[in-house]
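Observations on the three-dimensional arrangement
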Amino acid sequence: MNILMALSQLEVTGAEVYAVTLSNELIKRGNKVFIVSDTLTKETEAKYFKIEFNKRKLFQRVDHVIKLLKIIKENDIQVVHAHSRASAWSAALACKIAKIPLITTTHGKQPVHLSRKLIKCFGDYGITVCENIQHQLVTELGVDKSKIEVLRNPVDCKEYDFKPLEDKKENIVVSIIGRLSGPKGDVCYDILEEIYKRDDLKIRVIGGKEVPKRFEKFKEKVEFMGYINNVYEEICNSSIVIGAGRVAVEGILSGRPVIAVGENEYLGAIGISNIEYGLKSNFGDISLNDNFSGKVEVRGISQDINNAIAKSHGSLLELRKKVERNFSLEKIVDRIEKIYSKQYVLKKKYEIPVIMYHRVIKGEEEEKGVHGTYIEEKIFRQHMQYLKDKGYETVTFEELSNNNYKSRFDRDKKLIILTFDDGYKDNYDIAFPILKEFGFKAVIYLLGDLKYNKWDVENGFTPEKVFHLMDDEQILEMQDYGIEFGGHSMTHSKMGDLNPKIAKKEIIESKEILEEKLGKKLTSFAYPYGHRSDIVKNFIKEAGYEFAVTTDNGDISFQEDLFDIRRIAIFPTNGKFSFRRKVTGKYNFIKMKRQEKHMNR
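Residues numbered from 1 in each chain as written. Predicted model: local features only at pLDDT ≥ 70, side-chain atom pairs only at ≥ 80, totals over all residues. Heavy atoms only, no water.

**Describing the sheet that holds strand β13 (residues 266-269)**
Across a sheet, strands are paired by hydrogen bonds formed along the backbone, either parallel or antiparallel in direction. Pairing is mixed across the open sheet formed by six strands, whose spatial order is β10-β9-β8-β11-β12-β13. Both edges of this open sheet fall to β10 (222-226) and β13, since each of them pairs with a single strand only. Each neighbouring strand pair of the sheet contributes to a mean axis angle of 15°, computed without reference to strand direction. Pairing of strand β9 (residues 201-206) with β10 involves four bridges; the strand directions are parallel. Directly across from V205, in β10, lies its bridge partner F224. Sitting on the sheet, helix α8 (residues 245-253) is in contact with β8 (172-177), β11 (240-243) and β12 (258-261), with an inclination near 160° to β11. Each of β8, β9, β11, β12 and β13 touches helix α10 (residues 301-309); the most contacted strand, β13, lies at about 40° to it. (Pairing = 2+ DSSP bridges. Helix = DSSP H or I, 4+ residues; strand = E, 2+ residues; numbered from the N terminus. Axes fitted to C-alpha atoms, helices over the stretch in contact; angles between N-to-C directions. Contact = heavy atoms within 4.5 Å.)

**Remarks on the nonpolar core**
Residues Y357, F380, M384, L387, F397 and F558 are the most contacted members of the largest nonpolar core, which totals 64 residues. Residues V79, I103, Y125 and V129 belong to the second largest nonpolar core, which totals 37 residues. (Core = buried A, V, L, I, M, F, W, Y, C linked by side-chain atoms within 4.5 Å. Buried < 20%, exposed > 50% of the residue type's maximum accessible area, 1.4 Å probe, protein only.)

**Side note on the environment of K55**
With respect to the helices and strands, K55 occurs in the loop between β3 (47-50) and α2 (58-74). In sequence terms K55 and A86 are 31 residues apart; their C-alpha atoms lie 8.8 Å from each other. Look past the residues within four positions of K55 in its chain and what remains in contact with it is Q60 and H64.

**Remarks on the packing of helix α6 (residues 182-195) against α10**
Orientation of α6 relative to α10, taken along the N-to-C sense of each, is 80°, at an axis distance of 9 Å. Relative to α10, the element α6 is oriented roughly perpendicular. On α10, the residues that touch I191, E194 and I195 of α6 are I301, S302 and I305. The residue inventory of the contact of α6 with α10, partitioned by class, reads four nonpolar, one polar and one charged. (Parallel < 35°, antiparallel > 145°, perpendicular 65-115°, else oblique. Nonpolar A, V, L, I, M, F, W, Y, C, P; charged D, E, K, R; others polar.)

**Description of the packing of aromatic side chains**
Within the structure shown, the criterion is met by 23 aromatic pairs. Look at Y344 and F409: their rings are 4.4 Å apart centre to centre, the planes differ by 35°, and that puts the pair in the tilted class. Residue Y344 is located in helix α12 (residues 329-348), and its partner F409 is located in the loop between α15 (397-400) and β18 (415-422); the two are separated by 65 residues in the primary sequence. Taking the relative accessible area as the measure of exposure, Y344 reaches 9% and is therefore buried. Residues F397 and F558 carry aromatic rings whose centres are separated by 6.3 Å and whose planes lie at 15° to one another, so their mutual orientation is stacked. Taken together, the residues F397 in helix α15 and F558 in the loop between β22 (547-549) and β23 (568-569) connect sequence positions 161 residues apart. Grouped by ring-pair contacts, the aromatic residues Y189, Y196, F215, F218 and F224 constitute a single cluster. Geometry around Y392 places K414 over its ring, the cationic atom sitting 4.7 Å from the centre. When the ring centre of Y529 is taken as reference, the NZ or CZ atom of K494 above it lies at 5.8 Å. (Phe/Tyr/Trp six-rings, centres within 6.5 Å; stacked < 30°, edge-to-face > 60°. Lys NZ or Arg CZ within 6 Å of the ring centre and 35° of its normal.)

**Looking at the pairing of β13**
Relative to β13, β12 runs antiparallel, the two being bridged by three bridges. Residue pairing in the sheet places A260 in a bridge with G268 of β13. Linking two consecutive strands that pair antiparallel, namely β12 and β13, is a turn of four residues.

**A look at the packing of helix α1 (residues 14-28) against α12**
As a packed pair, α1 and α12 sit with axes 11 Å apart at the nearest point and diverge in direction by 80°. As summarised for this structure, α1 and α12 are arranged roughly perpendicular, according to the angle between their axes. Side by side, α1 and α12 meet where Y18, T21, L22, E25 and L26 of the first sit next to L329, V333, I336, E337 and Y340 of the second. Here the residues of the contact of α1 with α12 are counted per class, giving seven nonpolar, one polar and two charged.

**Considering the pairing of β12**
On β12, burial covers both faces: V258 and A260 on one face and I259 and V261 on the other are all buried. Sheet topology note: the β11/β12 ladder contains three bridges and is parallel. When the bridges of β12 are listed, G243 appears paired with A260. Taken together, β11, α8 and β12 form a β-α-β motif whose crossover is right-handed. (Right-handed = clockwise from strand over helix to strand, strands pointing away.)

**Section: helix α21 (residues 576-583)**
Side chains of residues three or four places apart in an α-helix project in the same direction, reflecting 3.6 residues per turn. Three or more residues of α21 are buried, namely S578, F579, K582 and V583. Angular distribution of buried residues about the axis of α21 spans 130°; they occupy a single face of the element. Where α21 terminates, the next one or two residues include G585, which has phi positive at roughly 95°. (Arc of directions from axis to C-beta.)

**Some remarks on unusual backbone geometry**
Backbone geometry at K99 places phi at a positive 60°, although glycine is not the residue there. Tracing the backbone shows K99 in the loop between α3 (85-98) and β5 (102-106). Taking relative accessible area as the criterion, K99 reaches 58% and is therefore assigned exposed. Of note in the backbone geometry, N282 takes a positive phi value of approximately 55° without being a glycine. Mapped onto the elements of the fold, N282 is located in the loop between α9 (275-280) and α10.

**Here's the deal with a nonpolar patch on the surface**
A surface patch of nonpolar side chains, about 310 Å² in accessible area, is lined by L58, V62 and I66. Structurally, L58 is set in helix α2. (Patch = residues over 30% accessible without salt bridge, like charges linked within 9 Å, V, L, I, M, F, W, Y side chains within 5 Å. Areas by Shrake-Rupley, 256 points an atom, 1.4 Å probe, with all protein chains shown as cover. Salt bridge = Lys/Arg side-chain N within 4 Å of Asp/Glu carboxyl O.)

**Examining the pattern of salt bridges**
This model, assessed by the stated rule, comprises 40 salt bridges. Between R29 and E337 there is a salt bridge, and its shortest N-O distance comes to 3.0 Å. Pair noted here: R29 is in the loop between α1 and β2 (32-37) and E337 is in helix α12, with a separation of 308 residues, a long-range link. Take R29: its relative accessible area is 11%, and that puts it in the buried class. For E337, a relative accessible area of 6% puts it in the buried group. Between E234 and R204 there is a salt bridge whose closest N-O contact spans 2.7 Å. A residue pair is termed long-range when its members are at least 10 positions apart, and E234 in helix α7 (residues 231-236) and R204 in strand β9 qualify at 30 residues. In this structure, E234 and R204 share a single accessibility class: buried. Beyond isolated ion pairs, a larger network of salt bridges with shared partners links E25, R29, D334, E337 and K406.

Below is the structure:
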């Protein structure tokens, strides 16, 4: 997808680190990312545009919106992700005009006043970095709880080696990390007042562009290092880390005792007993204390430094594991990508259509069979002619692998996936020549080694006629043209009802047989009857498939679960008009709305 990150800042903030970390990972995954902000200090592959969101007069904000609209249009932006109030205000209006979704991440406690309640600017979907922010947005600002969730700061935990200090140094190196301006500057000042006279401490302050005048009294005993790029290296050179948010996370990952204190609350030394509370408050940055006076009380920090030094290797390692589970870059970005895709689909009422055919027949009565899983040749030709006339491009799952599916919304693309289940001989005799005539591709799902529709013929309730499946020579000819083949089990059983061992055997065995036949790896799998379970889905993943399709169920968004992709079924009665309705991309929205209405009767 094409994503625009928007933030407002005059010096490096946690929001910038969040946005840049997220952007770099999204780019690695095949997305195009752009960043717009007043300033940008962290290194990133994303293209940067300067907009001074901190200039907030009405005419300046109008200018911001105009500039955003220009960036959105020129770069085919599909979703905007804002990380500050100022940028969200302008982005909300730009996104409304451009008709694209706005996602917001709220990094701190929000001011509560009438204008904020009236003009929320939290976008189509909101993310908060901790539970306390989510609680405030819901209870004090009236944000719909169903449209907001907690996703913590994404951190690549593998980049942080766990190296607790084995020997006590001659001096205890205390690193206070954070800004020297605003509320955090006040907290830093108060901390220094409490500890700067201790001769056994080597105190360093990391952060802030300039040292405010009031801090000059500490300069004789405190090293002010300013803003630096290698914060992690300096954390490793510390005995104790003092800070909030991401600073606390990086300290814990590095095996350093952490004293958590932010602009809202002092938590003291972080241990197993208070880590959950630390997570909820983003390690002191966001408190739910209604009686907060505006001043964080840090008395007792000197003793907490002594207590923190005594932390055992085991307890520090347990803290790291807890942080890894909560701040995993991979898991958080996985979820954010799904949010982007889902909100775009909901906004545009469009998703790439995945069409499901079975048999294509001449039209003779004896060809039709009992179950009605066919389309007549003349109707199929009308379908293909419609796609050609409307400029559709057929793609296969193999072409969408390696993250290529993320570009499916690009404005120069009008994609559709044509799928055929079971691999009937008529797919070769009738459908294949028509596909070649129109220059189209398709995906056909094959059974392991069946020669005819045994699963239907031996059905005791409604036995079907015998219809033969394609032979190896026909399959290989179609593959040479560009038709993709996928797995469909061995026996066409309802996979979710099978004993897990049997289901796994069917998935693996059919894949091995087909890959041997085709001379290449299979990319996608179709669940027979669309029947599956979480266990079966995991077997599909373990077998090495990248995608799996259902029948007419699954999420509205293709990307929500790549092993639960919804398809649109084609029936004998689907002529040109109904086919056109089904391939617009809006069909699933209409169908799901009907189903919901039916269930509520």
